[in-house]
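These are the residues of each chain, in order.
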Amino acid sequence: MTDTAWHQADTGLLFIQFSHIAATGLVEHGITTRTGGFSTGQWATLNVGYMAGDQPQHVRANRRLICESMGLTLDAWTNGRQQHTDHIERVAAEDRGRGAYSSEDCFPGTDGLITDQPDILLAAFFADCTPLLLLDPVQPAIGVVHAGWKGTAKGIAARTVAEMTEAYGTKPEDILAGIGPSIGPCCYEVDEPVIDQFADARFGRCLQPAVAEGKAFLDLVEANRQCLIHAGVNPTKIQTVSLCTSCRTDLFFSHRKEQGRTGRLAAVMAIKNSTRRR
Ligand SMILES: [Zn+2]
């Protein structure tokens, strides 16, 4: 189901939102584009990654703008150091702000964050990899995940669902999931070592044959969608975005298209304070 909404915040920033998540009124969420912000050159203009070589003061100013768009301050921004793992961290109230001002104090080796605490903006970074946003509207609890081909192959989508169940009692069938824009099957040609990882039935039909021998086109959005369904998420509660980051470098950063000389988009979500359980 593709039912994506564009949302322009008061700050002028443009976000992709998922209509079913927005409709709950429980969270602030969105996926940024590269427009707006302060970065210049290859990072122009809304780069959120300290590790991409951009000036840290520009990254901080960009992140501040994103937080403002959500009615939060930069102190709420919390992220991990993404290393294509399937490692998920549970974010507690005292972890609020880890990674916001520098990458020094972020969660090491972490590609997924979950929390049931309000006012913590879980953030992950992207330049072609797949953003996953998960909301359990019953608890409530949330998850924000970075899924490149390695994390996707390791089943990080299913692992996040399992972690939310273990940590917060989330029922998979309650989850509302949004899968953001990534490099599409139109542009993502992969070779045999990658193809072999996606032969598993739980990823569905995510590979399309390429002309070149031993190559195929990989659909990361479909692989993650199938992985979520396999983990018990209702397919009618999964929304996807049918935009390719490599085709649309006017909107997005693309590591492959821009040969590594690029910035990072953000996927962010926070539970609103008013929904806190008492
Ligand atoms: Zn494309």
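Whatever comes next refers back to the structure up there.
What counts, and at which threshold
Residues numbered from 1 in each chain as written. Predicted model: local features only at pLDDT ≥ 70, side-chain atom pairs only at ≥ 80, totals over all residues. Heavy atoms only, no water. Helix = DSSP H or I, 4+ residues; strand = E, 2+ residues; numbered from the N terminus. Expected span 1.5 Å × (residues − 1). Contact = heavy atoms within 4.5 Å. Salt bridge = Lys/Arg side-chain N within 4 Å of Asp/Glu carboxyl O. Buried < 20%, exposed > 50% of the residue type's maximum accessible area, 1.4 Å probe, protein only. Phe/Tyr/Trp six-rings, centres within 6.5 Å; stacked < 30°, edge-to-face > 60°. Donors = N, O, S within 2.8 Å, 3.2 Å for Na, K, Ca; no water. Tetrahedral: all angles 85-135°; square planar, octahedral: opposite > 155°, others 65-115°. Pairing = 2+ DSSP bridges. Axes fitted to C-alpha atoms, helices over the stretch in contact; angles between N-to-C directions. Left-handed = near helix turned anticlockwise from the far one by under 90°. Nonpolar A, V, L, I, M, F, W, Y, C, P; charged D, E, K, R; others polar. Patch = residues over 30% accessible without salt bridge, like charges linked within 9 Å, V, L, I, M, F, W, Y side chains within 5 Å. Areas by Shrake-Rupley, 256 points an atom, 1.4 Å probe, with all protein chains shown as cover. Lys, Arg positive; Asp, Glu negative; His and termini not counted. Charge placed at Lys NZ, Arg CZ, Asp CG, Glu CD.

1. Quick word on helix 4 (residues 156-168)
Inference 1: Under the 1.5 Å per step criterion, the end-to-end length of helix 4 is 18 Å for 13 residues, consistent within 8% with the ideal 18 Å.
Inference 2: As for helix 4, its buried residues are in contact with strand 5 (88-90), strand 6 (112-115), strand 8 (130-136), strand 9 (141-147), helix 3 (149-153) and helix 6 (220-230).
Inference 3: Directly after helix 4, the chain includes glycine 169, whose backbone phi takes a positive value near 75°.

2. Some remarks on the pattern of salt bridges
Inference 1: Using the criterion set out here, one finds 8 salt bridges in the structure.
Inference 2: Of the charged contacts, one joins aspartate 95 and arginine 98 as a salt bridge, the two residues approaching to 3.4 Å between their closest N and O atoms.
Inference 3: Overall, aspartate 95 belongs to the buried group, its relative accessible area being 13%.
Inference 4: Look at arginine 98 and you get partly exposed, because its relative accessible area is 25%.

3. Describing the packing of aromatic side chains
Inference 1: This structure, assessed with the given rule, holds 2 aromatic pairs.
Inference 2: Look at tryptophan 77 and phenylalanine 125: their rings are 6.4 Å apart centre to centre, the planes differ by 15°, and that puts the pair in the stacked class. Placement of tryptophan 77 in strand 4 (residues 77-79) and of phenylalanine 125 in strand 7 (residues 121-126) is noted, with a sequence separation of 48 residues between them. Summarising the burial analysis for this pair, tryptophan 77 and phenylalanine 125 share the class buried.
Inference 3: Plain terms: the ring middles of phenylalanine 198 and phenylalanine 203 are 5.1 Å apart, the flat faces sit at 55° to each other, and that makes the pair tilted.

4. A short note on the coordination of the zinc ion
Inference 1: Distances from the zinc ion to its protein donors, Cys186 (SG), Cys187 (SG), Cys244 (SG) and Cys247 (SG), fall within 2.3 Å.
Inference 2: Classification of the site at the zinc ion as tetrahedral follows from its 4 donor atoms and the range of 103 to 117° in their angles at the metal.
Inference 3: Along the chain, the residues donating to the zinc ion fall in the pattern C-C-x56-C-x2-C. In this pair, cysteine 186 is assigned in the loop between strand 10 (176-179) and strand 11 (189-190) and cysteine 244 in the loop between strand 14 (238-240) and strand 15 (265-271), connecting sequence segments 58 residues apart.
Inference 4: Its relative accessible area of 8% is what places cysteine 244 among the buried residues.

5. Remarks on helix 6
An α-helical segment advances 3.6 residues per turn. Residues three or four places apart therefore align on the same side.
Inference 1: Residues of helix 6 that are buried include every one of Leu220, Val221, Glu222, Ala223, Asn224, Cys227 and Leu228, and no others.
Inference 2: Count one or two residues on from helix 6 and you reach glycine 232, which has phi positive near 105°.

6. Looking at the sheet that holds strand 12 (residues 207-209)
Two orientations exist for strands paired in a sheet by backbone hydrogen bonds: parallel and antiparallel.
Inference 1: One open sheet accounts for 3 strands, arranged 11-13-12; its pairing is antiparallel. What marks the edges here is a single partner per strand, and that holds for strand 11 and strand 12.
Inference 2: Across 3 bridges, strand 12 lies against strand 13 (residues 216-218) in antiparallel orientation. Looking across to strand 13, one finds that leucine 207 is bridged to leucine 218.

7. As for the packing of helix 4 against helix 6
A pair of packed helices is captured by two measures, namely the crossing angle of their axes and the spacing between those axes.
Inference 1: Running from amino to carboxyl end, helix 4 crosses helix 6 at an angle of 35°, the nearest separation of the two axes being 8 Å. By crossing handedness, the relation of helix 4 to helix 6 is classed as right-handed. Together, Ala157, Ala158 and Val161 of helix 4 and Asn224, Cys227 and Leu228 of helix 6 make up the contact between the two elements.
Inference 2: Each residue belonging to the contact of helix 4 with helix 6 can be placed in one class, and the counts come to 5 nonpolar, 1 polar and no charged.

8. Regarding the environment of glutamine 55
Inference 1: Note on placement: glutamine 55 falls in the loop between strand 3 (27-32) and helix 2 (56-69).
Inference 2: Note: C-alpha distance between glutamine 55 and isoleucine 156 (101 residues apart in sequence) is 31 Å.

9. A short note on the side chain of histidine 58
Inference 1: Among the secondary structure elements, histidine 58 is positioned in helix 2.
Inference 2: Beyond its immediate stretch of four places on either side in the chain, histidine 58 contacts Phe38 and Ser39.

10. With respect to a negative patch on the surface
Inference 1: A grouping of Asp191, Glu192, Asp196 and Glu213 is seen on the molecular surface, where their side chains present a negatively charged patch.
Inference 2: For glutamate 192, the position within the fold is in helix 5 (residues 192-197).
Inference 3: Owing to a relative accessible area of 48%, glutamate 192 belongs among the partly exposed residues under this scheme.

11. Here's the deal with the sheet that holds strand 5
Inference 1: The strand order 5-6-9-8-10-14 describes an open sheet built from 6 strands, whose pairing is mixed. The open sheet has two edge strands, strand 5 and strand 14, and neither has a second partner. Each neighbouring strand pair of the sheet contributes to a mean axis angle of 15°, computed without reference to strand direction.
Inference 2: As paired strands, strand 10 and strand 14 are joined by 3 bridges and run parallel to one another. Looking at strand 14, one finds that alanine 177 is bridged to isoleucine 238.

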